[in-house]
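Summary of the model geometry
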Amino acid sequence: MPDPPEYVVYTDSELDMVRSQYFALLHSGKKKDCKMSKELCCRLVRNTVTSMVAILRASPMGKEVRYPSKLEMRAMSQKIVDYYPMLRDADTHMPYLTIYTKLYKRLQNMKSPRKRQGSMPQRADHDSLKMQARHYKTLSNMYRKPNAKPNQSDVAQILDLEFEARRAFIDADVTREEDRPRKIFEAYPCFKDIRNAMDELRRIVGGFNCKYIDQMKGRWAEFCSKVQFYGIWKKVLKPPLPLDVHGVDFTVTLFNALPSLFPSKTTPPKRLGSASEALLHILKPGEDAMLYLEKRPLSSPVLLFDGTTSIVAVGNIPVTTLPLEDFWEGMLVLMAYYYTLHLTYPKCVATVLSVIQTEAF
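Residues numbered from 1 in each chain as written. Predicted model: local features only at pLDDT ≥ 70, side-chain atom pairs only at ≥ 80, totals over all residues. Heavy atoms only, no water.

What to know about the sheet that holds strand β3 (residues 310-314)
Reading across the sheet, the four strands line up as β1-β2-β3-β4 and stay open at both edges, with mixed pairing between neighbours. Edge positions in the sheet fall to β1 (280-282) and β4 (317-322), since each has one partner strand and no second. Here the average twist between neighbouring strands, direction ignored, is 25 degrees. Examined bridge by bridge, strand β2 (residues 301-305) and β3 share five bridges and lie antiparallel to one another. Residue pairing across strands places Phe305 opposite Ser310, the latter belonging to β3. Its contacts with the sheet put helix α8 (residues 180-187) on β3 and β4, and the angle it makes with β4 is roughly 70 degrees. Docked against the sheet, helix α13 (residues 330-340) engages β2, β3 and β4, running at close to 150 degrees with respect to β2. (Pairing = 2+ DSSP bridges. Helix = DSSP H or I, 4+ residues; strand = E, 2+ residues; numbered from the N terminus. Axes fitted to C-alpha atoms, helices over the stretch in contact; angles between N-to-C directions. Contact = heavy atoms within 4.5 Å.)

This is the structure in structure tokens:
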């Protein structure tokens, strides 16, 4: 058996028939007419949980962990509503909540009375951490080869399952902030992919809301269209401003103004010069980006822009690049690394996220 175990979505001839009916009705625009009977749904829930427990106990992990974790139950719920779309909830953010509730209730009913005694919560937490350690091993194996490019959805699923242990490790503050980016990238090379960093921001701030990043992009665009008036009122920005909020000129102007619009109590290092250099550095003609990063006195995420391409870096570490058309969303990328790596400077990054998340503008 694989370690960690690979669970499967339960199906049988009757369930497959309902699924076929759904897709037949889907093509005719009548998918809402397809319902799974209560009896079939109960069978699906019962046999799914039984199968998961059996697969887990037959795997090497079964000697240490007796029941699937909540995160694994949630991952299975997502797979079930993908395979049986008629079970989706109306809530697009959590379309799997009803089926997850049924699965979890069934799992609780399976547990023996001895497992429900007072000492059980500690044991359950211990088992959960052991399970997540196995997930981390699987993730590490995906990136073992140089230039490895694992399947994005596979990485995202493991990052979902291993979330609690990972955040406990990153948020523990046992590493100096200046050393944190290097150590975390060594432990989690997956975060050098912007998509994984953005998804981690969603887990930390947006929770189960799978539409969180798309919503934040929309709110960022709205913030950009309104913040110029606030900047003029605060006398940080001067009219006339560039009109295109997706344009390079507006983005550079906004980056330069953000530390003054949302000031931090922490004084920037003298070597940094302007406080906006913590967010954006405009490369001069002929300036070597790597040499600049070597001398950079901060561990925070930053964009290095040469007029056409942005280098995303964290501390002294170049991570990836952004094409010109995505430059205007660069602040969201900085937010993703700021939260993923549990950094604290510059504070305006957290302030801006709070403002656009609460739509307080």
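Some remarks on the layout of surface pockets
Of the volumes computed, that of the largest pocket is approximately 920 Å³. What lines the largest pocket is a set of 35 residues, and nearest its centre among them are Gln152, Ala156, Asp199, Arg202 and Cys210. Going through the elements one at a time, α3 (70-83), α6 (152-161), α9 (194-206), α10 (212-233) and β4 are the ones with two or more residues in the lining of the largest pocket. Among the residues forming the lining of the largest pocket, the class breakdown is 14 nonpolar, six polar and 15 charged. (1 Å grid on protein atoms, 1.4 Å probe; cavity = no way out; pocket = protein on both sides within 12 Å on 5 of 7 lines; lining within 4 Å. Points joined across faces, edges and corners; volume = space filled by probe spheres on them. Nonpolar A, V, L, I, M, F, W, Y, C, P; charged D, E, K, R; others polar.)

Things to note about the nonpolar core
Trp220, Met331 and Tyr337 are the most contacted members of the largest nonpolar core, which totals 62 residues. Examining the composition of this core, we find that eight residues originate from one element, α13, more than from any other. Among all residues touching Tyr337, those that are not within four sequence positions of it are Phe185, Phe191, Lys192, Asp193, Ile194, Ala197, Pro301, Val312, Val314, Val319 and Leu343. In terms of nonpolar packing, the next biggest core, distinct from the first, is built from 32 residues, Leu44, Met61, Val65 and Tyr84 among them. (Core = buried A, V, L, I, M, F, W, Y, C linked by side-chain atoms within 4.5 Å. Buried < 20%, exposed > 50% of the residue type's maximum accessible area, 1.4 Å probe, protein only.)

Some words on the pairing of β4
As judged from the five bridges shared by β3 and β4, these two strands associate in the antiparallel manner. Paired with Ile311 across the two strands is Thr321, which belongs to β4. The antiparallel hairpin formed by β3 and β4 contains two residues in its connecting segment, where Gly315 sits at a positive phi of about 65 degrees.

Details of unusual backbone geometry
In this structure, the amide linkage connecting Tyr345 to the following residue, Pro346, adopts the cis form with an omega of 0 degrees. Looking at the element boundaries, Pro346 is found in the loop between α13 and α14 (348-358). In this model, Asn147 sits at a positive phi of 60 degrees, which is unusual for a non-glycine residue. Mapped onto the elements, Asn147 comes out in the loop between α5 (120-142) and α6.

What about the environment of Asp288?
Mapped onto the elements, Asp288 comes out in the loop between β1 and α12 (289-295). The exposure class of Asp288 is partly exposed, given its relative accessible area of 43%. Separated by 2.8 Å, the side chain of Asp288 and the backbone nitrogen of Met290 make a polar contact. Of note is the side chain of Asp288, whose polar atom sits 3.1 Å from the backbone nitrogen of Leu291. (Polar contact = N/O pair within 3.5 Å; in protein donor to acceptor, adjacent residues only side chain to side chain.)

Observations concerning the packing of aromatic side chains
For the structure on display, the rule yields 14 aromatic pairs. Measuring from ring centre to ring centre gives 4.0 Å for Phe305 and Phe327, while their planes differ by 10 degrees; the resulting arrangement is stacked. Pair noted here: Phe305 is in strand β2 and Phe327 is in the loop between β4 and α13, with a separation of 22 residues, a long-range link. Phe327 gets classed as buried once you look at its relative accessible area, which sits at 1%. Here the aromatic residues Trp220, Phe223, Tyr230, Trp233 and Phe262 are joined through ring pairs into a cluster of three or more. The aromatic ring of Tyr67 is capped on one face by Arg57, whose charged end is 4.8 Å from the ring centroid. The ring of Phe185 has Lys192 lying over it, and the distance from NZ or CZ to the ring centre is 5.8 Å. (Phe/Tyr/Trp six-rings, centres within 6.5 Å; stacked < 30°, edge-to-face > 60°. Lys NZ or Arg CZ within 6 Å of the ring centre and 35° of its normal.)

Some remarks on the confidence of the model for the protein
With 92% of its residues at a pLDDT of 70 or more, the protein has an overall mean of 85. Note that pLDDT drops below 50 for residues 113-121; the model gives that stretch six contacts with residues more than four away or on any other chain. (pLDDT = per-residue confidence, 0-100.)

Focus: the pattern of salt bridges
Pairing of side chains with opposite charge becomes possible as their charged atoms draw close. Scanning the model with the defined rule gives 18 salt bridges in all. Glu200 is the salt-bridge partner of Arg166, the closest N and O atoms lying 2.8 Å from each other. Highlighted residues: Arg166 in helix α7 (residues 163-170) and Glu200 in helix α9, separated in sequence by 34 residues. Under the relative-accessibility criterion, Arg166 is labelled buried at 0%. Asp199 is the partner of Arg203 in a salt bridge, and the nearest nitrogen-oxygen pair spans 3.1 Å. Of this pair, Arg203 and Asp199 both sit in helix α9, four residues apart, roughly one helical turn. Taking the relative accessible area as the measure of exposure, Asp199 reaches 19% and is therefore buried. (Salt bridge = Lys/Arg side-chain N within 4 Å of Asp/Glu carboxyl O.)

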